[in-house]
Amino acid sequence: MTYLGQFALWAAVLVGAWGAALAFFGKWEERPALATAITRSSYALCAALLVAAVALWKGIFTHDFNIEYVAAYTSRNLPEYYLISAFWAGQKGSLLFWAVVLSIFGALAQALTSQRFKAMLPYVAGIVNIVAIFFVMVMLFGGANPFERLAFTPPDGRGLNPQLQNPGMIIHPPMLYLGYISLTIPFAFAMAALLAKQLDAGWIVAMRKWALTSWLFLSVGITIGMWWAYVELGWGGVWAWDPVENASLLPWLTLTAFLHSVMIQEKRGMLKRWNMGLIVGTFLLTIFGTFITRSGVIASVHSFTQSAVGYFFLGFLMVAAILSFTLLYTRWPLLQPEAQLESMVSREGAFLYNNLALVGIAFSVLWGTLFPILSEAVRGTKITVGPPFFNKVNIPLGIFLLFLTGVGPLIAWRKASAANLRRQFIAPLLGGIVALGALLASGLRSPWALMSLSVSAFALVTVIQEFARGIRARMTMHAEGAPVALMRLVARNRRRYGGYVVHVAIMVYFVAFTGLAFSTKTTVDLQPGQTASLKSAYGHTWTFTHLGVSQYEALNRRVSAATLEVAKDGVKMGTIKSEKRQHVDSFGNPTFEPSTEVGIRSDLLEDVYVVYAGSPDGTERASFSLLINPLVSWFWIGGGILVFGGLLTMWPGGPQVKTARQRASIQAGYTVPLAGVAE
Amino acid sequence: MKPSTKFALGSVAIVAVVSLLMVEGVKQTGTYFLTPSQLVAKAAQDPSLHDIGVKVSAKVVQGSIKRDPAAQRVDFTISDGTRSFPVTYTGLVPDTFTDKNEIEVVAEGKFGRDGTFHATVLVAKCGSRYEAQWDEMAKNKTT
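Residues numbered from 1 in each chain as written. Chains lettered and ligands numbered in written order. Predicted model: local features only at pLDDT ≥ 70, side-chain atom pairs only at ≥ 80, totals over all residues.

Undergrad: Sorry if this is basic, but what is going on with the overall build of chain B here?
TA: Regarding its fold elements, chain B presents three helices and seven strands. Going residue by residue from the N terminus, the α and β elements of chain B occur as α-β-α-β-β-β-β-β-β-α. Pairs at least 24 apart in sequence give 45% of the contacts found in chain B among residues at least 6 apart. (Helix = DSSP H or I, 4+ residues; strand = E, 2+ residues; numbered from the N terminus. Contact = placed C-beta atoms within 7 Å.)

Spelled out as structure tokens, the structure:
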């Protein structure tokens, strides 16, 4: 099967290069047959890479340990579902995964894009082919070939790193990869628009769902990553500002900015250059992230084996940056804005500040991530900045952004009148003030927490107000009941109301982050029967009684499990179990270092989080780290709301579109005027 | 004033705030990240380094780890090949922190005037590489 896999990789390179050459140098504008051939090269590339993927999976599922990759990441006793994720658990497999998925997306973009945009499609195919074959070339020439064989056949594989043996790890990396990978499609459309000089809002319409898809995958990937870090790494937090985490956040930030600023281009014909710059920047940040993750230039807890592969990405990053910015520069005069900003107090103004804040955050995160390298280059000593730096910079900017989340959807286009402002903002401002008062009354004194929570309340009321007004308008105009009105309101304006739902999700994340800042912690050493206690941020006293340590064997590991009985203010709340695991291969030999499974008891108010840190040999005396983390559940609830809102925004269908004018207004998401505002 | 000028002023204000936050952030939270040789050399030059938090990255000298479970304390020695000094850390150690094979650690804390590094944060990386294992396995197979 490895021969088939190798052959498929080479076939992919050849067919991809052929298609790209035709796309850029074959005069396909006058020859429709040639344009079709370029589209088909995308399909052929996809087919070849699918064959390669099947070949690798075959090797993994048949335990062919003669293949180095299979021996390095799987073992005979690895549960079957982890065999699936072993495909992308290592450097080499994940490169193949990337190439395969990109080629699938490329083929889908060819098949699903409306024929209105056919002048761009061959260029899109060309760009996607080049990016895909770059990945294949890294496999073939960068010493990262997943089909490489060993000189001997080990009796069993090394197994999958226990920290990756977690359900979150089956979903988290592919979600992030899917987000990263699908970003190539909007980038390809942007490049195609520049190459074909089709510089109206057409390319934005053609790629908008791709950008949303990508944003949704990134958001889900990041959230599941937070969950994984929380339940698996045992330090009790969800976000550590680690370089690799930052690398996933950077494109998310710029893509979020892009999704907002394209609305201004669609509606007003402004910001054309900025949008091009943003999408190019976002694509480059995904490659940058891949470079950071795989090169080991910046110390991180998430490590692929350090290898030269990273430098291929650095080279690709530079070439892609030079080519795409040069192309943008040559088309600069064609990207004249069609309108000017009329007032700062307008939706355009709010969106511009939203963009600046998002890009500002992205820049500070990039700066903080690269600071060790920069300081070493400039001053000769490595200086690192940690979470305090990122928190200090990003908390104020984040709250400003949250405020704009409330302002943006309500403020009028072009120029907001005093009446518009009064009408829209009285209720939300009252909401914010009431929340502030209530929090002060409850004894909260931290200024950042007060701001974060009351601004969240302000933004939440803006969304509720929007829904309420829309529903009321439908109830009077169409004589519908409230539930029907809500359904139809959302169904007819999916982009707008889906967007509001996503905004609510973001507010929920802010609340959860604020809660996590009030986490309390202690470490204790207990004999069986002994009790420790810890006060939570709400003032409750939790007590923990050590019940003892039990040892047993499971499928592929030996387990020591310590159990604590917990009580809140003296009321028994059940037991929490935390484990130390020593993974073994099928001959019973230990593999990897021991790992820890934390025990968590979760409710809407707070999580009780127990880490069993081990016992001296042969005794049941145990060390524990005990944490009480307020509001953590709300991250996962926010994630659910976000997915729901995102899907709502993208759900196909919607109202019948007859004229171009209607289409334009629906795509901009504003078919229903604010109730009561003169049309 | 034209709206575009106003917007430009607003943008400058945002950029200025971001820059200010970043500069202040680096000043207040930036930490030296050094090897033992660099740390010893720097501390000899500038004794005030003993009073601020630094990060040091080095290998743990094999066999030097002494644990005191009751006090949750570990003592060990780190080295970069040329310089070495003792480290003391109180708290729970990561799973990967063992004496079985050579490990790399990043310790964050203060380098005391007594020549002992008092760590408050300890991160351990597993230094073993797959390639070495394959060689070992191949050897076992032939014998």
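Undergrad: Would you take a moment to explain the sheet that holds strand β7 (residues 595–597) of chain A for this structure?
TA: Strand pairing in a sheet relies on backbone hydrogen bonds. The paired strands run either parallel or antiparallel. All names here are of chain A. On the basis of which strands lie adjacent, the open sheet formed by five strands has the order β3-β4-β5-β6-β7 and antiparallel pairing. Taken across any chain shown, the strands that pair with only one partner, and hence form the sheet edges, are β3 (531–535) and β7. Geometrically, the sheet is characterised by an average inter-axis angle of 30° between neighbouring strands, direction not taken into account. Here five bridges tie β3 to strand β4 (residues 541–554), and the two strands are oriented antiparallel to one another. Directly across from A532, in β4, lies its bridge partner F544. (Pairing = 2+ DSSP bridges. Axes fitted to C-alpha atoms, helices over the stretch in contact; angles between N-to-C directions.)

Undergrad: Could you clarify how one ought to interpret the packing of helix α2 (residues 32–61) of chain A against helix α6 (residues 121–141) of chain A in this entry?
TA: Between two packed helices, what matters for the description is the angle formed by their axes and the separation of those axes. All names here are of chain A. Interhelical geometry of α2 versus α6 gives an angle of 30° and a closest axis separation of 9 Å. It follows from the interaxial angle that α2 and α6 lie roughly parallel. For the pair α2 and α6, the crossing hand works out as left-handed. Residues A35, I38, T39, S41, S42 and L45 of α2 form the contact with α6, whose own contacting residues are L121, P122, A125, G126, V128, N129 and A132. (Parallel < 35°, antiparallel > 145°, perpendicular 65-115°, else oblique. Left-handed = near helix turned anticlockwise from the far one by under 90°.)

Undergrad: Sorry, what's going on with the packing of helix α11 (residues 272–295) of chain A against helix α12 (residues 309–330) of chain A here?
TA: Residues and elements named next belong to chain A. One can describe the packing of α11 onto α12 by two numbers: an axis separation of 8 Å at closest approach and a directional angle of 170°. When the interaxial angle is binned, α11 and α12 end up roughly antiparallel. Residue-level contacts link M276, G277, V280, L284, I287, F288, T290, F291, R294 and S295 of α11 to V309, G310, Y311, F313, L314, F316, L317, A320, A321, S324, F325 and L328 of α12. Of the residues belonging to the contact of α11 with α12, the class tally is 16 nonpolar, five polar and one charged. (Nonpolar A, V, L, I, M, F, W, Y, C, P; charged D, E, K, R; others polar.)

Undergrad: I would appreciate a short explanation of the interface of chain A and chain B in the present structure.
TA: Quite often, the size of an interface is put as the accessible area lost when its parts meet. Taken together, the contacts link 45 residues of chain A with 35 residues of chain B. Contributions of two or more residues to the side of chain A that touches chain B are made by α13 (347–379), β1 (383–384), α14 (387–407), β2 (520–526), β7 and β10 (622–630) of chain A. A per-element tally of the side of chain A that touches chain B places α13(A) first, with eleven residues. Classifying every residue of the side of chain A that touches chain B gives 26 nonpolar, 13 polar and six charged. Pairing analysis gives two bridges linking β1(A) to strand β1 (residues 31–34) of chain B, with the strands arranged antiparallel. Counted as the bridge partner of A:I383 is B:Y32 from β1(B).

Undergrad: What should I look at first to understand the sheet that holds β10(A) in this one?
TA: Residue and element names in this part refer to chain A. Read from one edge of the open sheet, four strands run β2-β10-β9-β8, paired in antiparallel fashion. Because the sheet does not close on itself, it has two edges, and the strands there are β2 and β8 (599–602). Averaged over all pairs of adjacent strands, the angle between strand axes in this sheet comes to 15°, irrespective of strand direction. Of the strand pairs in this sheet, strand β9 (residues 606–614) and β10 are connected by eight bridges, and their pairing is antiparallel. Bridging from a neighbouring strand, D607 pairs with N629 of β10.

Undergrad: I keep staring at the pairing of strand β5 (residues 557–568) of chain A and nothing clicks. Help me out?
TA: Every regular strand shows the same layout, with side chains that alternate between the two sheet faces. All names here are of chain A. Bridge analysis of β4 against β5 gives twelve bridges, and the strand direction is antiparallel. Bridge assignment links T543 to a residue of β5, and that residue is A567. The antiparallel pairing of β4 with β5 creates a hairpin that spans two residues between the two strands. A loop of two residues connects β5 with strand β6 (residues 571–583), the two strands running antiparallel in sequence, and D569 in this loop sits at a positive phi of about 50°.

Undergrad: Please clarify how the confidence of the model for chain B should be interpreted in this entry.
TA: Regions with low pLDDT should not have their predicted coordinates read in detail. Residues and elements named next belong to chain B. Overall, the prediction assigns chain B a mean pLDDT of 80, with 86% of residues at 70 or greater. Note on residues 127–132: pLDDT is under 50 here. Beyond four places in sequence and across chains, it has seven contacts. Scored by ipTM, the complex comes to 0.81, with pTM at 0.89. (pLDDT = per-residue confidence, 0-100.)

Undergrad: Even after reading the chapter, I still don't get the nonpolar core, so can you show me in this structure?
TA: Soluble globular proteins: nonpolar side chains tend toward being buried together. All names here are of chain A. With 233 residues, the main nonpolar core has A12, V124 and F189 as its most contacted residues. At 19 residues, the largest contribution of residues to this core is made by helix α9 (residues 202–232). If sequence neighbours within four positions are ignored, V124 has contacts with A109, A188, F189 and A192. (Core = buried A, V, L, I, M, F, W, Y, C linked by C-beta atoms within 7 Å. Buried ≥ 20, exposed ≤ 12 C-beta atoms within 10 Å, placed from the backbone.)

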